Amino acid sequence: MAWRGCYRLELQLRRCLGRKQAWGRRGIASCIDPSVGLTEEQKEFQRVAFDFAAKELAPHMAEWDEKEIFPVETLRKASQLGFGGIYVRPDVGGSGLSRLDTSIIFEALSTGCVSTTAYISIHNMCAWMIDTFGSEEQRHKFCPSLCSMEKLASYCLTEPGSGSDAASLLTSAKRKGDTYVLNGSKAFISGGGDTNLYVVMCRTGGPGAKGISCLVLEKGIPGLSFGKKERKVGWNSQPTRAVILEDCAVPVANRLGEEGQGFHIAMRGLNGGRVNIASCSLGAAHACVLLARDHLNVRKQFGEPLASSQYLQFRLAEMATQLVAARLMVRNAARALQEDREDAVALCSMAKLFATDECFAICNQALQMHGGYGYLKDYAVQQFVRDIRVHQILEGTNEVMRMIVARSLLQA
């Protein structure tokens, strides 16, 4: 099959977002230039990520989607650029970059493949959790192979009966000597069955958030199994399965932090995860603005290019404005998180809410501008729409984001 839309996207990324980044008439209009306001070092991170997106992701994203290929070798190529542990400390193999640097990288990578980049973001979140809350022994045991992506990680919080109400999770971990025996199941786990390490939230104490602890499970231990591979609308370059725990014995030495600290660890991870997934939405929206712009310039109806329609000009202008506003909000939240500011949780929630909603609207409008062509799988725009729809649901639904922001306002 000729991946026409993805081939066009690859050429566009190479021309507009690649090594020279020649913004302006032949590239990206300066008003949506994602490098504005960045340091020279950040521009270099961004250039490397855009180059990788153009050469290693965009040419394959449609095939990975259609054939549901988990591109492990491509992930390991990304790790060679430092993308396996972007905000993990350097002494265990991480890149030691800031949350803003991370957002810039994930936005750029997502222009080539949202689904694959989103998995990289989840893997990074798990590596950071071990790096931040693990002991020195745990950090040096797990993080080097995660940063090289020799081993891949999955985040296990959601259960069949506890989604938004994560503190009501039921997976139990009963301590017996120097082990915990786990029973329960986790749902919608990205990478489930194909990854090597599972960062699992489980109940070691009483009900509520304070009874939850965090354990690291290694694939292959007795009692750990997986459900069927889920069939999804998007995110098809990463497998999703249930993680099933049946009398699964895990060493106490694999617990991150103290007993009862698991929910705190999970939420700390998700604050960064929300900025990361919002950044992935930015990349999709950025790519779709470019695809829509080029389509308007070449597609003719009623004897003239669609670009001559004032209505479509206005819609394109609105898309660009939404994109820049979302980018500013996400980068502001990333800075707040890096600085561990008091308002970081609310700002991360605002950024996730606003960016994922607005970027989905941008991609959906780009599909509409393509008309019937936008609904064909030969054209990349439809895959961006399918891949980022779930961003409004995961890492905390956008309804929960509203609850967090409202609580922050009302308790002030």
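Only a predicted model underlies this, so the values are computations on that prediction, with no experimental measurement involved.

Draft legend 1. Geometry of the overall build of the protein. Secondary structure summary: the protein contains twelve helices and ten strands in total. Compactness check: the protein gives a C-alpha radius of gyration of 21 Å against a globular reference of 22 Å for 412 residues, within 12% of the reference. The buried share of the protein, reckoned over its 412 residues, is 58%. In the protein, 75% of the contacts between residues at least 6 apart in sequence involve partners at least 24 apart. When the accessible surface of the protein is split by element, carbon and sulfur atoms take 54% of a total near 17100 Å².

Draft legend 2. Expanded view of the layout of surface pockets. By volume, the largest pocket is sized at about 1400 Å³. The wall of the largest pocket is formed by 49 residues, among which I393, L394, E395, G396 and T397 lie closest to the centre. Among the secondary structure elements, those contributing two or more residues to the lining of the largest pocket are α6 (114-133), β3 (179-190), α8 (262-298), α10 (344-369), α11 (380-389) and α12 (398-410). Residue contributions to the lining of the largest pocket peak at seven residues, all from α8. The residue makeup of the lining of the largest pocket, split by class, is 25 nonpolar, twelve polar and twelve charged. A volume near 360 Å³ is recorded for the second largest pocket.

Draft legend 3. Summary view of the confidence of the model for the protein. Here the protein averages 94 in pLDDT, and 93% of its residues register 70 or above. In the predicted structure, residues 17-26 sits below a pLDDT of 50 and forms 28 contacts with residues beyond four places in sequence or in another chain.

Draft legend 4. Main features of the packing of aromatic side chains. Evaluation of the coordinates by the stated rule reveals five aromatic pairs. On the basis of an interplanar angle of 85 degrees and a centroid distance of 5.2 Å, the ring pair of F70 and Y119 is categorised as edge-to-face. Of this pair, F70 sits in the loop between α3 (61-67) and α4 (72-79) while Y119 sits in helix α6, placing them 49 residues apart in sequence. Taking the relative accessible area as the measure of exposure, F70 reaches 13% and is therefore buried.

Draft legend 5. Focus on the environment of T132. Structurally, the position occupied by T132 is in helix α6. Classification of T132 as partly exposed rests on a relative accessible area of 32%.

Draft legend 6. The packing of helix α9 (residues 310-338) against α10, seen in detail. Close contact between α9 and α10 brings their axes to 8 Å; oriented N to C, the two are set at 155 degrees. For the element pair α9 / α10, the angle class is roughly antiparallel. Considering only the axes of α9 and α10, their crossing is left-handed. Its residues assigned to classes, the contact of α9 with α10 shows 23 nonpolar, three polar and two charged.

Draft legend 7. View of the packing of α10 against α11. Two elements in contact, α10 and α11, have axes separated by 9 Å at closest approach and are oriented at 155 degrees. The orientation of α10 with respect to α11, classified from their angle, is roughly antiparallel. α11 is crossed by α10, and the crossing has left-handed handedness. Of the residues in α11, those touching α10 at C359, F360, C363, N364, A366 and L367 are V381, Q382, F384, V385, I388 and R389. Of the residues assigned to the contact of α10 with α11, the class counts are nine nonpolar, two polar and one charged.

What counts as what
- Residues numbered from 1 in each chain as written.
- Predicted model: local features only at pLDDT ≥ 70, side-chain atom pairs only at ≥ 80, totals over all residues.
- Heavy atoms only, no water.
- Helix = DSSP H or I, 4+ residues; strand = E, 2+ residues; numbered from the N terminus.
- Rg over C-alpha atoms; globule rule 2.2 N^0.38 Å.
- Buried < 20%, exposed > 50% of the residue type's maximum accessible area, 1.4 Å probe, protein only.
- Contact = heavy atoms within 4.5 Å.
- Areas by Shrake-Rupley, 256 points an atom, 1.4 Å probe, with all protein chains shown as cover.
- 1 Å grid on protein atoms, 1.4 Å probe; cavity = no way out; pocket = protein on both sides within 12 Å on 5 of 7 lines; lining within 4 Å.
- Points joined across faces, edges and corners; volume = space filled by probe spheres on them.
- Nonpolar A, V, L, I, M, F, W, Y, C, P; charged D, E, K, R; others polar.
- pLDDT = per-residue confidence, 0-100.
- Phe/Tyr/Trp six-rings, centres within 6.5 Å; stacked < 30°, edge-to-face > 60°.
- Axes fitted to C-alpha atoms, helices over the stretch in contact; angles between N-to-C directions.
- Parallel < 35°, antiparallel > 145°, perpendicular 65-115°, else oblique.
- Left-handed = near helix turned anticlockwise from the far one by under 90°.

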